[in-house]
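The primary structure of each chain is shown beneath.
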Amino acid sequence: MLLSDGTGLSRFAKAFAGIAILGVVAGCQVRPLYSTPAGTEGKLASVAISKADDRVEQRVRNELIFLFSGGAGETQRALYHLELNVAVRKVGVLLDVRDDIPRAGRIVVSADYNLVQTDSGETLASGKRSTVALVDYPVQEFAKLRAVRDAEDRAARELAELIRADVASALGRR
């Protein structure tokens, strides 16, 4: 037996070490990024987003409004303003050698954003994010247009989620 031969720790020392370890672990504080004590959800709901210039930018804007407010719509009292500038690039990657026509491609949607506190004009976060959506180009013209639009929508949705994470992180630190 370990305790009877005198080489091991006593029961008291083991119990004390166990209680000390529990005390240290209880002092750790791990919480989610979007937890309510930090007020991140309320801050996100008070972000106004700049007007869109084209269809894809409007799509990103709509997704952000939904993600920021949880489906409640645009804010009426904006404490923060998000200036958003979205660009779309279509890149053909697989060419049909016979006809020199792209059969597959990538839609790259990128955005520059700048989050500003409305009353002070202080920049809280800024950056550039981009996403890529793959697309197959069918032979029919209308199907090709729909495939490109669907890829733009997928990329816009993904881009909005990335920007929301950046903005939530910036607002969570305040």
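Here the structure is shown first, and the text comes after it.
Before going into details, it helps to say that this report is about the structure given with it. (Residues numbered from 1 in each chain as written. Predicted model: local features only at pLDDT ≥ 70, side-chain atom pairs only at ≥ 80, totals over all residues. Heavy atoms only, no water.)

1. A short note on the overall build of the chain
Formally: Under the DSSP-based scheme used, a helix requires at least four consecutive residues in state H or I and a strand at least two consecutive residues in state E, with every element numbered from the N terminus. Relative accessibility decides the category of a residue: with a 1.4 Å probe and only protein chains considered, values under 20% of the type maximum give buried, values over 50% give exposed, and everything between is partly exposed. We call two residues in contact whenever any of their non-hydrogen atoms come within 4.5 Å of each other. Shrake-Rupley sampling with a 1.4 Å probe provides the accessible areas, and residues are treated as covered by the protein chains on show and by no other component.
A tally of regular secondary structure across the chain gives four helices and four strands. What you see in the chain, going N to C, is helices and strands ordered as α-α-β-α-β-β-β-α. Here the chain, with 174 residues, has 32% of them falling under the buried criterion. For the chain, long-range pairs separated by at least 24 residues make up 62% of all intrachain contacts whose partners lie at least 6 apart in sequence. Approximately 11000 Å² of the chain is accessible, and the part contributed by carbon and sulfur atoms is 56%.

2. Remarks on the nonpolar core
Counted only if it meets this: Definition used in this section: a nonpolar core is a set of buried Ala, Val, Leu, Ile, Met, Phe, Trp, Tyr and Cys residues joined via side-chain atoms within 4.5 Å.
If you look at the biggest cluster of nonpolar residues, it comprises 34 residues, and the most contacted ones within it are Leu64, Leu82, Leu84, Leu115 and Ile163. Those elements giving two or more residues to this core turn out to be β1 (47-49), α3 (55-69), β2 (80-96), β3 (101-117), β4 (123-136) and α4 (141-172). Counting residues per element, this core draws most heavily on α4, at twelve residues.

3. Brief notes about the side chain of Gln117
Looking at the secondary structure, you find Gln117 in strand β3. Looking at Gln117, the relative accessible area reads 17%, which means it is buried. Setting aside residues up to four positions removed in sequence, Gln117 forms contacts with Leu79, Tyr80, Glu122, Leu124 and Arg174.

4. Side note on the pattern of salt bridges
Just so we agree on the cut-off: Salt bridge, as used here, is a side-chain nitrogen of Lys or Arg placed within 4 Å of a carboxyl oxygen of Asp or Glu.
For the coordinates displayed, the defined rule picks out nine salt bridges. Between Asp153 and Arg55 there is a salt bridge, with its nearest N and O atoms 2.9 Å apart. Linking Asp153 in helix α4 with Arg55 in helix α3, this pair joins segments that are 98 residues apart in sequence. Put simply, Arg146 and Asp150 hold a salt bridge, and the shortest N to O gap is 3.0 Å. Of the two residues, Arg146 and Asp150 both sit in helix α4, four residues apart, roughly one turn of that helix. For Arg146, a relative accessible area of 33% puts it in the partly exposed group. Among the ionic contacts, a cluster of salt bridges with common partners joins Arg55, Arg59, Lys90, Glu152 and Asp153.

5. Points about the side chain of Thr131
Applicable threshold: Counting of polar contacts relies on pairs of N or O atoms within 3.5 Å, with two restrictions inside protein: one atom must be capable of donating a hydrogen and the other of accepting it, and residues adjacent in sequence are counted only when both atoms are side-chain atoms.
Relative to the assigned elements, Thr131 resides in strand β4. For Thr131, a relative accessible area of 4% translates into the label buried. Within the structure, Thr131 has its side chain in polar contact with the backbone oxygen of Ala155 (distance 3.0 Å). Filtering out sequence-adjacent residues up to four positions away, Thr131 remains in contact with Ile107, Val108, Val109, Ala155, Glu158, Leu159 and Leu162.

6. Structural notes on the pairing of β4
For clarity, the threshold we go by: At least two bridges found by DSSP between two strands is the condition for calling them paired.
Judged from the 13 bridges that link them, β3 and β4 form a sheet pairing that is antiparallel. Along β4, the bridge assignment pairs Val109 with Thr131. Hairpin remark: β3 followed by β4, antiparallel, with five residues in the connecting loop; positive phi at Gly121, about 80 degrees.

7. Some remarks on α3
Stated formally: Helix span, expected: 1.5 Å multiplied by one less than the number of residues in the helix.
An ideal rise of 1.5 Å per residue puts 21 Å on 15 residues; α3 measures up with 21 Å between its terminal C-alpha atoms. Listing the buried residues of α3 in full gives Val56, Glu57, Val60, Arg61, Glu63, Leu64, Ile65, Phe68 and Ser69. Just beyond α3, the residue with positive phi is Gly70, at close to 70 degrees.

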